[in-house]
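Listed below, chain by chain, are the residues.
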Amino acid sequence: LHLCDRRQRQMCIRDSMNWNSTEFIWLDWLVLAVGVIAIVWAVYRAIKKDHERMKGADSQDYLFGKGEPWYIIGAAIFAANIGSEHLVGLAGTGAKDGVGMAHWEMQGWMILILGWLFVPFYQLLNNKMGKIITMPDFLKFRYTQRTGSWLSIITLIAYVLTKVSVTAFTGGIFFEYLLGLPFWWGALGLIFITAVFTVFGGMKGVMTLSAIQTPILIIGSFLVLFLGLSMLGDGSISEGWSQMMAACNAAHNGFGTTHMFHTDPADPMYPQFPGYVVFLGASIIGFWYWCTDQHIVQRVLGQTKGEDNRKVMARARRGTIAAGYFKLLPVFMFLIPGMVAFALSQKTGSNIVMDITNTHDTDGAFAMMVKNILPAGVKGIVTIGFICALVASLAAFFNSCATLFTEDFYKPMKKGMSESHYVMVGRIATVVVVLLGLAWMPIMMNMGNLYSYLQDIQSLIAPAMVAVFTLGIFSKRITPKAGEWGLIGGFLIGMVRLLTNVITDSGKAVMDGAFWEYTSWFWQTNWLIFEVWLLVFIVILMYVVSMFTAKPTSEQIAAITFTGDYKKAIRESWNMWDVIATLGVVVLCALFYAYFW
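The rules behind these values
Residues numbered from 1 in each chain as written. Predicted model: local features only at pLDDT ≥ 70, side-chain atom pairs only at ≥ 80, totals over all residues. Heavy atoms only, no water. Helix = DSSP H or I, 4+ residues; strand = E, 2+ residues; numbered from the N terminus. Phe/Tyr/Trp six-rings, centres within 6.5 Å; stacked < 30°, edge-to-face > 60°. Lys NZ or Arg CZ within 6 Å of the ring centre and 35° of its normal. Buried < 20%, exposed > 50% of the residue type's maximum accessible area, 1.4 Å probe, protein only. Axes fitted to C-alpha atoms, helices over the stretch in contact; angles between N-to-C directions. Parallel < 35°, antiparallel > 145°, perpendicular 65-115°, else oblique. Left-handed = near helix turned anticlockwise from the far one by under 90°. Contact = heavy atoms within 4.5 Å. Salt bridge = Lys/Arg side-chain N within 4 Å of Asp/Glu carboxyl O. pLDDT = per-residue confidence, 0-100. Patch = residues over 30% accessible without salt bridge, like charges linked within 9 Å, V, L, I, M, F, W, Y side chains within 5 Å. Areas by Shrake-Rupley, 256 points an atom, 1.4 Å probe, with all protein chains shown as cover. Expected span 1.5 Å × (residues − 1). Polar contact = N/O pair within 3.5 Å; in protein donor to acceptor, adjacent residues only side chain to side chain. Nonpolar A, V, L, I, M, F, W, Y, C, P; charged D, E, K, R; others polar.

*Asks:* Honestly, unusual backbone geometry in this entry has me stumped. Any pointers?
*Replies:* Glycine aside, a negative phi is what most residues show, and trans is what most peptide bonds show. The backbone of Asp234 shows a phi angle near 55 degrees, a positive value even though the residue is not glycine. With respect to the helices and strands, Asp234 occurs in the loop between helix H9 (183-232) and helix H10 (237-249). In this structure, His252 is a non-glycine residue whose phi angle is positive, near 55 degrees. Structurally, His252 can be placed in the loop between H10 and helix H11 (277-292).

What follows is the structure, given as C-alpha cells:
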C-alpha cells in the first residue's frame, strides 16, 4: 500500500474488502492456505492409521489400496477420471462446440459394464492366479507373455503422451487464468506436488484425497453453473438457461452447438463429428477406458483381497454403480459452464471476454467463470477442490504407472525381494514417469489443439485394446498368437496414423506426391470413421490368425469359463436394489440424449 497515493490506497482497501471482487483477495488466499494444510493433515492421518493397521509395508496395498467401502470406490473412480483436461479442455470445448463432446462424458452406462461384466472375470482370475492381477497379467494368462509385456509398454507410452503431460499442461493453463501464475510455474508446480504426494501417499493417499475433493468439486462446480446462469438471466436461473440455449443455437453460422448429433454436411462441426458414427466412436474409447484401462480398473482390483467372492463383487459393483451416477455430473460441472461462459462473453458487463476461434480463450473458460462468478472466500474453497482434483487425477496416473512397472517388469526379474524394496521401486518408477512427462510437454505443445490431440491419441489406441480384451473373454476360438498379432498390429497401425496426423496436420494439409495421393484414404479419413474401421480390421485379423495358429490351452480356456459355484456366487452378489440403481443410470443417460438430440 505504501506505493499507492491516498486515493489508490483507498481503492486497494476497498477492493480487499469487496466480497464480489473478480480477483483473488486476502480472504481467498487465507482460505486456500488453511484448506491445503487441513487436507495434508487429513491425508497424513489416514495414511498413518493405514500403516499401523498393515503393520509394515505391503507393495500391493501401496499400489492397489484395500477393502474400501463402495462409496469410496465410486468416488475414487470418479476422481481418477476428473483432471485438468476437464477443467480446461471440457469447459473449453463446451464454449467452442457446445455439447458435441458430451458423448465422451455421458458414459455412466459404460462404467456399469465394468461392474456387472468385467469385475467377475477379474475376480475369477484373481482367485485362480492367487494374486491381484494387472491388465497385462490377464493378457499374459489368456494369450502370451509377449502380449502382456506389449500392453504394459503401450499403456506406459499412452500415460506419458496423454495423461501426465496433458494434465500438467492444462493445469498450467488453469492456474494461469485463475491465479495469474505463469504457465510453467503452474505446470511444474502441479507435477512436483503430485509426485511428492504419490511417492509418500500411495493408493491410500489417492483414495483419501479423492474422498475429500469429490464433494468440494461437485458443489463448487454446480455453484459456478447456477451462479453463472443467474448472472446470464439477470437473477433468474431458468431465464439464464434460455439465454444460454439461444446464444449457443445461434453459434456456428446458425447450425448451433446444442445438439449431440450433427448430420448436415454443411454444419461446421460435421467434418469433426460426422452423423451418428460419433456415438460408436466414443463408445469404443469409453469401453477401453472404463473396462480395461489399468488407471480405472485398479480402483476395483484392490477390493479383492482375502474375502468372500460375493462380498468383494458386491462392493466393487456398487462402487461402479455409484461412479456411474457421478459420471453423469461432469457435463453439468464443466461442459455446460463453458457454454454459459460463451453466452456471458456476449453480455455487456460480464467481465468475460472470449473469442471462440482462439483456443487459448476457450481453454480459459472455466477459470474465467470461477474468477468472475464466485464471491470472495468461496473462490478459495472451490479452488481447494480443484487443486485436489488435479493432484488426485495426476497421482492416480503416476500410481498406475508404478504398478505396471513393478508388477509386470520388476517383480518377474527380481523375485523374492522384500515388500519395502518393491514399494521403493514403485516410487522410483513414479519419478521416471514424471521426468518423461516433462520431457514430452514441449513437443506436445507444438502439436495443435490439445483436446483434439488427446482424443486422436485415444482413438488410435482403443481399438486394439477393445478387440483383444473382448475376444479374449468371450471367444474360446481366439488363439494366443491371434491376441499378440491383434494388439501389436493394431497399435503399430495406430502409431503410423498418428505420424501421418502430425505430418499432414490431421489430414488438412495439401500433400503432393504419388505416395500421398495413393494413401489419402489412410490419412484423410475422419478420425472416428478410421477408429471404427481399425477395430473391424483387428477383429478380422485375429480370427484369420486363429485359423492358422495353435489353439489356447485348457488352462487358458478355464480362465474365462465360469464354474457352477462361481456363477452362483455372482448371482448371490447382487439384489433388486442393485438392478434398480443400475437402471437409474441408464435412464438418466437416455434422458440427456433425448433433450440434446
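Now that the structure has been shown, the text picks up again.
*Asks:* Is there a simple way to explain the packing of aromatic side chains in this structure?
*Replies:* Aromatic rings considered in pairs are described by the distance between their centres and by the relative angle of their planes. Considering all chains together, one arrives at 24 aromatic pairs under this definition. Both rings, one in Phe592 and one in Phe596, keep their centres 4.8 Å apart while their planes meet at 45 degrees; by these two values the pair is tilted. Through a chain of ring-to-ring contacts, three or more aromatic side chains come together here, namely Trp109, Phe261, Tyr276, Phe279, Tyr593 and Trp597. Above the face of the Phe530 ring, Arg497 is positioned so that its terminal group lies 4.4 Å from the ring centre. The ring of Trp574 carries Arg571 above its face, with NZ or CZ at 3.9 Å from the centroid.

*Asks:* Would you explain the environment of Trp185 in this entry?
*Replies:* Inspection of the secondary structure puts Trp185 in helix H9. Overall, the relative accessible area of 62% leaves Trp185 in the exposed class. On a C-alpha basis, the gap between Trp185 and Phe175 in space is 8.7 Å, while along the polypeptide they are ten residues apart.

*Asks:* How should I be thinking about the packing of helix H4 (residues 70-81) against helix H13 (residues 309-326) in this particular structure?
*Replies:* Two quantities define a packed helix pair, namely the angle between the axes and the distance from one axis to the other. At a minimum axis separation of 7 Å, H4 and H13 run at an interaxial angle of 45 degrees. Classified by the angle their axes make, H4 and H13 are oblique. With respect to the hand of their crossing, H4 and H13 are arranged in right-handed fashion. Contacts from Trp70, Ile73, Gly74, Ala75, Ile77 and Phe78 of H4 reach H13 at Arg315, Ala316, Arg318, Gly319, Thr320, Ala322, Ala323 and Phe326.

*Asks:* Where do I start with the side chain of Thr320 in this structure?
*Replies:* With respect to the element layout, Thr320 can be found in helix H13. Setting aside its immediate chain neighbours within four residues, Thr320 contacts Ile77, Ile111, Leu114, Gly115 and Val300.

*Asks:* Whenever I open this one, the pattern of salt bridges confuses me. Can you help?
*Replies:* Charged atoms that come close allow side chains of opposite charge to pair. Summed over all chains, the structure comprises six salt bridges. Of the charged contacts, one joins Arg146 and Glu484 as a salt bridge, the two residues approaching to 2.9 Å between their closest N and O atoms. Residue Arg146 is found in helix H8 (residues 145-179), and its partner Glu484 is found in helix H20 (residues 480-504); the two are separated by 338 residues along the sequence. The residue Lys481 makes a salt bridge to Glu484 at a minimum N-O spacing of 3.3 Å. With Lys481 and Glu484 both in helix H20, this residue pair falls three residues apart, about one helical turn. Glu484 sits in the buried class, given a relative accessible area of 4%.

*Asks:* Looking at this structure, I do not really get the confidence of the model for the protein chain. What am I missing?
*Replies:* Any region with low pLDDT has predicted coordinates that should not be read closely. Mean pLDDT over the protein chain works out to 79, with 85% of the residues at or above the 70 mark. For the protein chain, per-element mean pLDDT is lowest for helix H1 (residues 6-16), which scores 49, and highest for helix H23 (residues 527-546), which scores 94.

*Asks:* When you look at a nonpolar patch on the surface in this model, what are you seeing that I'm missing?
*Replies:* Side chains of Trp533, Val536, Ile540, Val544, Met547 and Phe548 sit close together on the surface and give an oily, nonpolar patch of about 680 Å² of accessible area. Along the chain, the position of Met547 falls in the loop between H23 and helix H24 (554-558). Judged by its relative accessible area of 60%, Met547 falls in the exposed class.

*Asks:* Even after reading the chapter, I still don't get helix H26 (residues 576-595), so can you show me in this structure?
*Replies:* For an α-helix, the turn length of 3.6 residues means that residues three or four places apart are oriented alike. With 20 residues, H26 ought to run about 28 Å at 1.5 Å a step, and its terminal C-alpha atoms sit 29 Å apart, in line with that. Structurally, the start of H26 carries an N-cap: the backbone nitrogen of Trp577 is 3.0 Å from a side-chain oxygen of Asn575.

*Asks:* Quick question: what am I supposed to make of the packing of H8 against H20 here?
*Replies:* Between H8 and H20, the least distance of the axes is 9 Å, while the angle of their chain directions is 20 degrees. Classed by the angle they form, the pair H8 and H20 counts as roughly parallel. The two elements H8 and H20 meet at a crossing, and its hand is left-handed. When H8 is examined against H20, the residues Arg146, Thr147, Trp150, Leu151, Ile154 and Ile157 are found in contact with a partner set consisting of Pro480, Gly483, Glu484, Leu487, Ile488 and Phe491. Residues belonging to the contact of H8 with H20 are distributed by class as follows: eight nonpolar, two polar and two charged.

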